[in-house]
Amino acid sequence: MFKLLKPYLKKNILSIIKLFIYLIILFPVTVFTPYINGIYIDKLTIYTNKRIVIIFTSIIALINIVTIIGNYLSNRLYIKLQTQVGFEMNVDFMEHLKKLPFRKVCQFNPGYISDRINSDCNILSNFIISLILNFFNKFFSTIIIIVIVMKINYRISLLFILLIPLYLIIYNSLKKMIAIRVLKYKESKNEYIAEYYSQSNNIRYIKIEATFYKYRSRLLEVFNNFLKNFLSYIDSVYLFTSIENLVTSIVQLLIVFIGGIQVIEKSVTIGEFTVLLTYSRSLIGTLSYYLNLGKEIKEVNVSYLRLKEILDYEKEDVGTIEITNIEEIVAKDMSIIYDDKKLFKNIDYIFNRGKIYCIKGENGVGKTSFVYALIGILMGDYEGEIKYNGIDLKDINTYKIRENLISVVMQEPSLESDSIYNILNGSCIDKELFTNIGNKLGINKLSEKMENGIHTKINHMSNNISGGEKQKISIFKAFLSNSDLIILDEPTSALDRESCDKLKRYLIEHKKDKIIICISHDNDFIDIADKILILERNSL
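Computed from a predicted model, the values in this text were never measured in an experiment.

Student: Got a sec to walk through the overall build of the protein chain? Specific residues and values, please.
Tutor: A count of helices and strands for the protein chain gives 16 helices and 9 strands. In terms of its C-alpha atoms, the protein chain occupies a principal-axis envelope of roughly 110 × 50 × 50 Å. A burial count over the protein chain gives 44% of its 540 residues as buried. Considering only intrachain contacts with a sequence separation of at least 6, the fraction spanning at least 24 residues in the protein chain is 79%. Looking at the protein chain as shown, the accessible area adds up to about 29600 Å², and 58% of this sits on carbon and sulfur atoms. Treating the 66 positive side-chain charges of the protein chain as one cloud and the 57 negative ones as another, the clouds have centres 9 Å apart.

Student: Account for the sheet that holds strand S2 (residues 341-352), with residues named and values stated.
Tutor: Sheets are built from strands that pair by backbone hydrogen bonding, the pairs being arranged parallel or antiparallel. With respect to topology, 4 strands assemble into an open sheet ordered S2-S1-S4-S5, the strand pairing being antiparallel. Looking at which strands have only one partner, the edges of the open sheet turn out to be S2 and strand S5 (391-392). Where strand S1 (residues 328-338) meets S2, 8 bridges bridge the pair, whose relative direction is antiparallel. Across the sheet, residue Ala331 finds its bridge partner in S2, namely Tyr349. Across the sheet, helix H10 (residues 367-374) touches S1, S2 and strand S4 (382-388), and the angle it forms with S1 is around 125°.

Student: An account of H10 is needed here, citing residue identities and associated values.
Tutor: At 3.6 residues per turn, the α-helix brings residues three or four places apart onto the same side. Within H10, 7 of the 8 residues are buried, which leaves it mostly tucked inside the rest of the structure. Looking one or two places after H10, you find Gly376, whose phi comes out positive at around 85°.

Student: Could you give an account of the pattern of salt bridges, naming the residues involved and the relevant values?
Tutor: Inspection of every chain in the model, using the stated rule, returns 13 salt bridges. The residue Arg103 makes a salt bridge to Asp381 at a minimum N-O spacing of 3.3 Å. With Arg103 in helix H4 (residues 102-107) and Asp381 in the loop between H10 and S4, this residue pair connects regions lying 278 residues apart in the sequence. Residues Asp530 and Lys511 are paired through a salt bridge, measuring 3.0 Å at the closest nitrogen-oxygen approach. Remark: Lys511 occurs in the loop between helix H16 (497-510) and strand S8 (515-520) and Asp530 occurs in the loop between S8 and strand S9 (531-534); sequence separation between them is 19 residues. According to the relative accessible area criterion, Asp530 is partly exposed, its value standing at 35%. In the salt-bridge network here, residues are joined through shared partners; they are Asp120, Glu187 and Arg306.

Student: Summarise the layout of surface pockets; cite the residues concerned and give the values.
Tutor: When its volume is computed, the second largest pocket comes out at roughly 550 Å³. Looking at the second largest pocket, it is lined by 27 residues, and the ones nearest its centre are Leu23, Thr30, Asn134, Asn137 and Lys138. Residue assignment for the lining of the second largest pocket shows that the elements contributing at least two residues are helix H2 (13-46), helix H3 (50-98), helix H5 (110-152) and helix H9 (270-311). Top element by residues in the lining of the second largest pocket is H2. It accounts for 9 residues. Tallied by class, residues from the lining of the second largest pocket come to 12 nonpolar, 14 polar and 1 charged.

Student: Explain the packing of H2 against H5 to me, using residue names and the numbers behind them.
Tutor: Where H2 meets H5, the closest approach of the two axes is 11 Å, and the angle between their N-to-C directions is 25°. One finds that H2 runs roughly parallel with respect to H5. When you trace H2 past H5, the crossing you get is right-handed. For the pair H2 and H5, the contacting residues are Leu19, Phe20, Leu23, Phe27, Val31, Phe32 and Tyr35 in the first and Ile132, Leu133, Asn137, Phe140, Ser141, Ile144, Ile145, Ile148 and Lys151 in the second. Partitioned by chemical class, the residues of the contact of H2 with H5 number 13 nonpolar, 2 polar and 1 charged.

Student: Lay out the packing of aromatic side chains with the relevant residues and their values.
Tutor: For the structure on display, the rule yields 17 aromatic pairs. On the basis of an interplanar angle of 80° and a centroid distance of 5.4 Å, the ring pair of Phe102 and Tyr372 is categorised as edge-to-face. Taken together, the residues span a long stretch of sequence, with Phe102 in helix H4 and Tyr372 in helix H10 at a distance of 270 residues. Classification of Phe102 by relative accessible area gives partly exposed; the value is 27%. Residues Phe139 and Phe140 carry aromatic rings whose centres are separated by 5.4 Å and whose planes lie at 75° to one another, so their mutual orientation is edge-to-face. Phe139 sits in the partly exposed class, given a relative accessible area of 39%. A relative accessible area of 45% means that Phe140 is categorised as partly exposed. Three or more aromatic residues link up through ring pairs in this structure, and these residues are Tyr185, Tyr192, Tyr196, Phe223, Phe226, Phe230 and Tyr233.

Student: Give me the nonpolar core: which residues, what numbers.
Tutor: Ranked by internal contacts, the top residues of the largest apolar core, which has 38 residues, are Phe351, Phe370, Tyr388, Leu485 and Ile517. Residue assignment for this core shows that the elements contributing at least two residues are S1, S2, strand S3 (355-360), H10, S4, strand S7 (485-489) and S8.

Student: Report on the sheet that holds S8, specifying residues and quantitative values.
Tutor: The sheet built from 5 strands is open, its strands ordered S6-S7-S8-S3-S9 with parallel pairing. Every interior strand has two partners, whereas the edge strands, strand S6 (406-409) and S9, have only one. Along the sheet, successive strands turn relative to each other by an average axial angle of 15°, direction set aside. Pairing analysis gives 6 bridges linking S3 to S8, with the strands arranged parallel.

Student: I'd love a proper account of the side chain of Gln471, names of residues and values included.
Tutor: If you trace the backbone, Gln471 turns up in helix H15 (residues 467-480). Here the side chain of Gln471 touches Glu490 through a polar contact of 3.1 Å, landing on its backbone oxygen.

Student: Give a description of the side chain of Ser74 that names residues and reports values.
Tutor: Relative to the elements of secondary structure, Ser74 occurs in helix H3. The exposure class assigned to Ser74 is buried, which follows from its relative accessible area of 5%. Polar side-chain contacts of Ser74 include one of 2.8 Å to the backbone oxygen of Gly70. Apart from residues lying up to four places away in sequence, Ser74 is in contact with Leu19, Tyr22 and Leu26.

Thresholds, definitions, all that
- Residues numbered from 1 in each chain as written.
- Predicted model: local features only at pLDDT ≥ 70, side-chain atom pairs only at ≥ 80, totals over all residues.
- Heavy atoms only, no water.
- Helix = DSSP H or I, 4+ residues; strand = E, 2+ residues; numbered from the N terminus.
- Buried < 20%, exposed > 50% of the residue type's maximum accessible area, 1.4 Å probe, protein only.
- Contact = heavy atoms within 4.5 Å.
- Areas by Shrake-Rupley, 256 points an atom, 1.4 Å probe, with all protein chains shown as cover.
- Lys, Arg positive; Asp, Glu negative; His and termini not counted.
- Charge placed at Lys NZ, Arg CZ, Asp CG, Glu CD.
- Pairing = 2+ DSSP bridges.
- Axes fitted to C-alpha atoms, helices over the stretch in contact; angles between N-to-C directions.
- Salt bridge = Lys/Arg side-chain N within 4 Å of Asp/Glu carboxyl O.
- 1 Å grid on protein atoms, 1.4 Å probe; cavity = no way out; pocket = protein on both sides within 12 Å on 5 of 7 lines; lining within 4 Å.
- Points joined across faces, edges and corners; volume = space filled by probe spheres on them.
- Nonpolar A, V, L, I, M, F, W, Y, C, P; charged D, E, K, R; others polar.
- Parallel < 35°, antiparallel > 145°, perpendicular 65-115°, else oblique.
- Left-handed = near helix turned anticlockwise from the far one by under 90°.
- Phe/Tyr/Trp six-rings, centres within 6.5 Å; stacked < 30°, edge-to-face > 60°.
- Core = buried A, V, L, I, M, F, W, Y, C linked by side-chain atoms within 4.5 Å.
- Polar contact = N/O pair within 3.5 Å; in protein donor to acceptor, adjacent residues only side chain to side chain.

Below you can see the structure in the form of structure tokens.
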């Protein structure tokens, strides 16, 4: 658990040290304030000099000022530290997910996995930071309090020693049940949020199909499962807390009874009695903290194991060679494997710069999988060789070539929630080139129709533009990047005839310095293709 948090704690070590300093300053104030109050009460019963009142009032006022300022500074830094570490963990786990094999990533429900990571990262980081700061603070304050209590009355200190085995019995009898219920509660919560997230993203389709009752029933079913597991978890926590409170109440009653008798017998002063009462609550609270720590560790361990499960997924293998251009792509004796079945067998083909290739085939035959394998997305799912400029794809840094040399226009493009200008990375592109390509592809006309033109912001899920507009922006972005390899996956599926013709003319004009691959199940690109590849089951 600590090993997982170690790099993040190391990164934020200055904040942790600063927080420790605040706690060290507050430590004596917190521990000795009840003792000072007790002394003050005893002084009032003995002396009649008002000077005593002024001195102790000044001392208590100073203590309160230090406490208020110290608590504000420490709590603010504490919350900042927890938030920072939680965020850093979230980012790293999301980066880990992005670099898992493509098939593995596709298995995850986005809502479920994002909520799971966020929840578990925050739970684990908050717990460890709290543990580091509070464990030793409470440990040393407990020792000092016990010494003071034993000095006042050793009989009452024995009651606290008897409390320890009682709490241990309570914890050991319930820890297994709590751990099981925590896991069920967390999993069902993630599933509920995932379903809710999924439905919120598909409102348009639910509305079109009018399947309101079906999706409401599904959401209700998932929620009822979550509610059942949540209440089961709450019951176990309440049972633990109730037994703990019962034991605590009995001990406090004994202290009140024994202490009261000793005040009457004058073996303990009224001031000492108030000190005992205050410290007894503090000691019981500390003991409760340590035993609840055991319960909490069980809960946090569930989050740790779920995070570790994600980390145990192996990242895809990526080579180290960086190439600066793409002259040709060679597929030799290539087979693609999906669910232990080969989609294609022994494919041999060469893609050369300056040509347009049209890949045809029925829906589901594997056209997109073939291209994904070519650009290194399905690294573990193909056999044979794929070479770029004579270099094996497995030796090439595929992240770098996809970032710098390859542009892919997907059938259903996913655009960022940003302005069109920023999506197209307009600030980094020559204005003349920007305008020229925009005119040729008809994008400039598109932006003129919008309220803020090219600076119009695309909403989440791109629901404020049509499918055709989304596809045009994605195509424009691909050509602005000036990539060596451009892949168009069903690029005309949402385009009108005029836009389709403009795209075809542009491809013909600019194919000289590029490898262009168009995936299509119809005949839109046959008339401009230099080569036509027809994919069938098991063959090319």
